[in-house]
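Coordinates in review
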Amino acid sequence: MNQILILLLILLTSFQSIAQEDNLKVLLITGGHDFDREVFFEMLDSFQNIEFTEILHPKANDFWLGKYGDDFDLVLFYDMVQQITEEQKKGFEEKVESGIGLVFLHHSLPSYQDWEFYQQVLGGRYVEPSTDNSNPSGYQHDVRFNIQITDSKHPITSGIKDFKVFDEIYINAPVNKNIHVLAKTDHPKSMNPVVWCQQINPKSRSVYIQPGHGPEVFSDKSYRKLVIESLIWAGFR
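Summary of the structure given here.

Analysis parameters
Residues numbered from 1 in each chain as written. Predicted model: local features only at pLDDT ≥ 70, side-chain atom pairs only at ≥ 80, totals over all residues. Heavy atoms only, no water. Helix = DSSP H or I, 4+ residues; strand = E, 2+ residues; numbered from the N terminus. Expected span 1.5 Å × (residues − 1). Buried < 20%, exposed > 50% of the residue type's maximum accessible area, 1.4 Å probe, protein only. Polar contact = N/O pair within 3.5 Å; in protein donor to acceptor, adjacent residues only side chain to side chain.

It is worth spelling out helix α5 (residues 221-234) at this point. Here α5 contains 14 residues, and its C-alpha end-to-end distance of 20 Å stays within 8% of the 20 Å for a straight helix at 1.5 Å per residue. The element α5 is largely enclosed, with a buried count of 10 among its 14 residues. Buried within α5 we find Tyr223, Arg224, Leu226, Val227, Ile228, Glu229, Ser230, Leu231, Trp233 and Ala234. You can read the cap of α5 off the contacts: a side-chain oxygen lies 2.9 Å from the backbone nitrogen of Ser222, and it is on Asp220. Following α5 by one or two positions, Phe236 adopts a phi angle in the positive range, close to 60°.

Here it is as structure tokens:
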């Protein structure tokens, strides 16, 4: 009897170890913009089989120099910063070339105003007045707007129907031509599209989701599904 129990414990431990190894490992980069941490992490904690490790700025960009290991399947950007060294930029570009998933939420769009490679990988940009005062982007808080799925067959948006969110919109934010549009909105002031993805190369994918100011949107079931499916797709799962 004892031998059977020992065998069962060994098998259970083995299964748990395999399950942990199969978890999607996500590096979460934050800093430079306040957010409702309690509700945001409540959303992340609801995602099964995904492990999040948070690194805040100003230390976060040292990841691109290899200082936090290489055991992440993808990076979730929820930061808004401008400071990055040339060495860190090079490390970022090398990581994208070698293979990494990239998911960008909401206010990660205005980051790195003068870094073209970042804007290409993200797929768009938010133009600060300090960068171009003649045609800057803008924003508006507390807006209820529709998220209209434009590609219901894509793995990210499959099973997600059109839904409404109460969040912040961005205005006049240009996007790249080569993105794959997943969702748009009919709000007359909002940027369009509001969700897109890219196959950067055979080993790297990126997704951008414009809603995400919070806290109301973090509790929305459709929004949560959009985020988790973006992580899974960008992580090649």
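That shown, we press on.
Moving on to unusual backbone geometry. Across residues other than glycine, the phi torsion is negative in most instances, and most of the peptide bonds are trans. Backbone torsion omega between Asn192 and Pro193 reads -5°, so that peptide bond is classified as cis. Relative to the helices and strands, Pro193 resides in the loop between β7 (180-184) and β8 (195-201). The omega torsion across Gly214 and Pro215 is 0°, close enough to zero to call that bond cis. Structurally, the position occupied by Pro215 is in the loop between β9 (204-209) and α5. Although it is not a glycine, Asp142 adopts a positive phi angle of roughly 55°. By secondary structure assignment, the location of Asp142 is in strand β5 (residues 138-149). By relative accessible area, which is 59% here, Asp142 ends up exposed. You will see that Asn172, though not glycine, has its phi angle at about 60°, which is positive. Mapping Asn172 onto the fold places it in the loop between β6 (163-171) and β7.

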